[in-house]
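Here is what each chain is made of, one letter per residue.
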Number of protein chains: 2
Amino acid sequence: MSNDEKIYQKILKAIVEHQLPPGARLPEDRLSEAFGVSRTGIRKVLQRLALEHFVVIARNKGAQVNHPSEDEALEVLDSRILIEPQLIEGVQSHWNAEQSERFRDLVEEEHEAEQVGEMASSIQATARFHYELAQLAGNSVLATFVEQLCYRSSLVIAAYGTRSSVSCDCGDHSQLLTLLDEGQTKKAQAWMKHHLQSIKKSLVLEGQEEQNIDFQRLFS
Amino acid sequence: MSNDEKIYQKILKAIVEHQLPPGARLPEDRLSEAFGVSRTGIRKVLQRLALEHFVVIARNKGAQVNHPSEDEALEVLDSRILIEPQLIEGVQSHWNAEQSERFRDLVEEEHEAEQVGEMASSIQATARFHYELAQLAGNSVLATFVEQLCYRSSLVIAAYGTRSSVSCDCGDHSQLLTLLDEGQTKKAQAWMKHHLQSIKKSLVLEGQEEQNIDFQRLFS
DNA sequence: TCCGTTTTAATTGTATACAATAATTAATAC
DNA sequence: GTATTAATTATTGTATACAATTAAAACGGA
């Protein structure tokens, strides 16, 4: 893996794991000395992150972690609701014992992270479950798009998520695996749709956005 | 629009209109003198085009117009087949006389370009019809993705297309507009699916070669 | 002529310098 | 003391220089 790619991965990880919260500034020189490269390499990475909507770059003002709008948040989830259930069919056709075991390991990782209370790795593992499943459907163009949507979802959850956004109350991913094991494609599709919809519902879209503080009253 | 953006648009246009054929090399210094900027700006644009799969960059070997593999070609079309029909519902709900007229104008442009035999603008207009329709569905995340898929389709057609890939034999886009006018959502969905499938079928999957390009004249 | 090696040229990778712009602080007038 | 302006600092935008790498040409021996 190239050096640029490693830097990209590290920053992206920090963003989706909420170590760099939405709105955090990302000055080029600070990053360049942190990673031990010149600004040139950092700029390249930031441009990429901007194209993928993980950061926003304002001319002459630099980059900061994207704080998705409410519209963007909903659209990201809606996109997943439209695509991911449709991929189940392809997943089912590639399903076998080996895959089943591999994904159960992933679910196990999710559980462990959640038990220990490590929000960061829990989010990471959950996203990974979804986009590795997408890869199995056999269309890498769509799989890449879903992967990006999963990461963007992490950012959305950072901005608007609640506890149940991470470990949603419709049950865990192992239920889906069981349905796939049993060859119940339709039910698996329905499960996936419901799963994503419940994540969407768990978002709280209000409050912290633009709170216009009335200093007059506050200090009178 | 920033200067970078203008350069990006021009190169992208040249690619999707087949003036820069798949496989064409894009040396940084040649482009930088053609556009009158330093290599820095050109590199930025090339990186973006690479992320969007319009060019491929090989380390120490530079960029060239992507020649999509057969797999990629099929996956791009399959992605559209999966997504675009699903957007019809949202399109229908936003449909009105004004939109109808706007899209009929677009179809008119397609016809004119085709009459004159201008492959380039014909391809451009056809892509535009599809992604502007996608925008109407009300999900800008998906619309952006569909837009990219449409442009990538132009590249696929450059590599594997035939005459009927651009002006497909299942009839023109005005048929879809009529269905939308009549509120026949299901039929419109089916039409869209069939339309994209017939484009996919029109591809002939085998290869060809490259040539030499005068960047100075192309971009002056 | 053909093949392999060596040398040369062309091209990209990375760092740095300087200019342009925005943000912050200091200064001044009222 | 406050508000407005000026000066300073910090940060990004762009071009260029040089190193690293690859591709191409020249060369020599069989």
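Small disclaimer: the values here were computed from a predicted structure and weren't measured. (Residues numbered from 1 in each chain as written. Chains lettered and ligands numbered in written order. Predicted model: local features only at pLDDT ≥ 70, side-chain atom pairs only at ≥ 80, totals over all residues. Heavy atoms only, no water.)

A. Main features of the protein's contact with DNA strand D. Around DNA strand D lies a shell of 16 residues, among which A:R30, A:R43, B:S38, B:T40 and B:K61 are the nearest. One nitrogen or oxygen atom from the main chain of A:N60 is found 3.5 Å from a phosphate oxygen belonging to DNA strand D. Put simply, the parts of the chain that give the surface near DNA strand D at least two residues each are α2 (28-35) and α3 (39-51) of chain A. Top element by residues in the surface near DNA strand D is α2(A). It accounts for three residues. For the surface near DNA strand D, a count of residues per class yields two nonpolar, five polar and nine charged. (Near = heavy atom within 4 Å. Polar contact = N/O pair within 3.5 Å; in protein donor to acceptor, adjacent residues only side chain to side chain. Helix = DSSP H or I, 4+ residues; strand = E, 2+ residues; numbered from the N terminus. Nonpolar A, V, L, I, M, F, W, Y, C, P; charged D, E, K, R; others polar.)

B. Looking closely at the interface of chain B and chain A. In this assembly, 20 residues from chain B lie in contact with 19 residues from chain A. Taking both sides of the interface into account, the surface hidden between chain B and chain A amounts to around 1,800 Å²; carbon and sulfur atoms contribute 65%. For the chain B face of the interface with chain A, the top three residues by lost area are B:E75, B:L82 and B:V141, together amounting to 30%. One can count zero salt bridges joining chain B with chain A. Across the contact surface, chain B and chain A share 10 residue pairs in polar contact (both at pLDDT 80 or more). For the side of chain B that touches chain A, the secondary-structure elements that each account for two or more residues are α3 (39-51), α4 (70-93) and α7 (140-160) of chain B. When residues in the side of chain B that touches chain A are grouped by element, the largest group, eight residues, is from α4(B). (Contact = heavy atoms within 4.5 Å. Buried area = accessible area lost by both parts, 1.4 Å probe. Salt bridge = Lys/Arg side-chain N within 4 Å of Asp/Glu carboxyl O.)

C. Molecular detail of the packing of helix α5 (residues 97-116) of chain B against helix α9 (residues 174-181) of chain B. Residues and elements named next belong to chain B. The geometry of α5 relative to α9 is characterised by a closest axis approach of 10 Å and an angle of 170° between their N-to-C directions. In terms of orientation, α5 and α9 fall into the roughly antiparallel class. Contact residues: α5 offers S100, F103, R104 and V107, while α9 offers S174, L177, T178 and D181. (Axes fitted to C-alpha atoms, helices over the stretch in contact; angles between N-to-C directions. Parallel < 35°, antiparallel > 145°, perpendicular 65-115°, else oblique.)

D. Examining the side chain of B:R152 more closely. Note that B:R152 resides in helix α7. We classify B:R152 as buried; its relative accessible area is 8%. Among all residues touching B:R152, those that are not within four sequence positions of it are A:V141, B:E52, B:H53, B:F54, B:E72 and B:V76. (Buried < 20%, exposed > 50% of the residue type's maximum accessible area, 1.4 Å probe, protein only.)

E. Region of the structure containing the nonpolar core. With 109 residues, the main nonpolar core has A:I83, A:L133, B:I83 and B:L133 as its most contacted residues. Filtering out sequence-adjacent residues up to four positions away, A:L133 remains in contact with A:I88, A:V91, A:W95, A:F103, A:L176, A:L180 and A:M192. (Core = buried A, V, L, I, M, F, W, Y, C linked by side-chain atoms within 4.5 Å.)

F. Local environment of the side chain of A:E84. Within the secondary structure, A:E84 is located in helix α4 (residues 70-93). Once residues within four sequence positions are removed from consideration, A:E84 is found in contact with A:H130, A:V146, A:C150, A:M192 and A:L196.

G. Inspection of the packing of aromatic side chains at higher detail. Scanning all chains against the criterion turns up seven aromatic pairs over all chains. Here the aromatic rings of A:Y131 and A:Y151 are separated by 5.6 Å at their centres, their planes lie at 55°, and the arrangement is tilted. Within this pair, whereas A:Y131 is found in helix α6 (residues 119-136), its partner A:Y151 is found in helix α7 (residues 140-160), the two being separated by 20 residues in sequence. A relative accessible area of 11% places A:Y151 in the buried class. An angle of 35° between the planes, with centres 5.8 Å apart, marks the rings of B:W95 and B:F103 as tilted. An aromatic cluster is built from A:W95, A:F103 and A:F129, whose rings are joined through pairwise contacts. The ring of A:Y8 is capped by A:R48, whose NZ or CZ atom sits 3.6 Å from the centre of that ring. (Phe/Tyr/Trp six-rings, centres within 6.5 Å; stacked < 30°, edge-to-face > 60°. Lys NZ or Arg CZ within 6 Å of the ring centre and 35° of its normal.)

H. Fine view of the confidence of the model for chain A. Taken residue by residue, chain A gives an average pLDDT of 89. The fraction at 70 or more is 91%. With pLDDT under 50 throughout, residues 208-220 of chain A is counted as low confidence; its partners more than four residues away or in other chains account for five contacts. (pLDDT = per-residue confidence, 0-100.)

I. Inspection of the sheet that holds strand β1 (residues 25-26) of chain A at higher detail. Residue and element names in this part refer to chain A. Ordered by their spatial adjacency, three strands build an open sheet running β1-β3-β2, and the pairing between neighbours is antiparallel. Edge positions in the open sheet fall to β1 and β2 (55-58), since each of these has one partner strand only. Sheet topology places β2 next to strand β3 (residues 62-65); four bridges connect them, and they run antiparallel. Directly across from V55, in β3, lies its bridge partner V65. (Pairing = 2+ DSSP bridges.)

J. Focus on the environment of B:S154. All names here are of chain B. Its place among the elements puts S154 in helix α7. With a relative accessible area of 4%, S154 lands in the buried category. Put simply, S154 and I15 are 139 residues apart on the chain and 8.6 Å apart in space, counted from C-alpha to C-alpha. Excluding residues within four positions of it along the chain, S154 makes contact with V16, H18, I123 and A127.

K. Representation of α7(A) in the model. The terminal C-alpha atoms of α7(A), which comprises 21 residues, lie 29 Å apart, in line with the 30 Å expected from a rise of 1.5 Å per residue. Most of α7(A) sits out of view: 16 of its 21 residues are buried. (Expected span 1.5 Å × (residues − 1).)

L. Fine view of helix α1 (residues 3-16) of chain A. Residues and elements named next belong to chain A. Compared with the 20 Å implied by 1.5 Å per residue over 14 residues, the 20 Å span of α1 between its first and last C-alpha is a close match. Looking at α1, one finds that the buried residues are I7, Y8, I11, L12, A14, I15 and V16. Looking at the buried residues of α1, the elements they touch are α2, α3, β2, β3, α6 and α7. Just downstream of α1 lies H18, where phi reads positive at about 70°.

M. Examining the pairing of β3(A) more closely. Where β1(A) and β3(A) come together, two bridges link them in antiparallel fashion. Looking across to β3(A), one finds that A:L26 is bridged to A:A63.

N. The arrangement of the protein's contact with DNA strand C in detail. The environment of DNA strand C is formed by 15 residues, the closest being A:S38, A:T40, A:K61, B:R30 and B:R43. Sugar and phosphate atoms constitute 74% of the interface atoms of DNA strand C, taking the interface as everything within 4 Å of the protein. One of the side-chain N or O atoms of A:T40 is found 2.7 Å from a base nitrogen in DNA strand C. Contact between DNA strand C and B:N60: a phosphate oxygen at 3.4 Å from a main-chain N or O atom of the residue. Listed by contribution, the elements that provide at least two residues to the surface near DNA strand C are α2 (28-35) and α3 of chain B. When its residues are assigned to classes, the surface near DNA strand C shows one nonpolar, five polar and nine charged.

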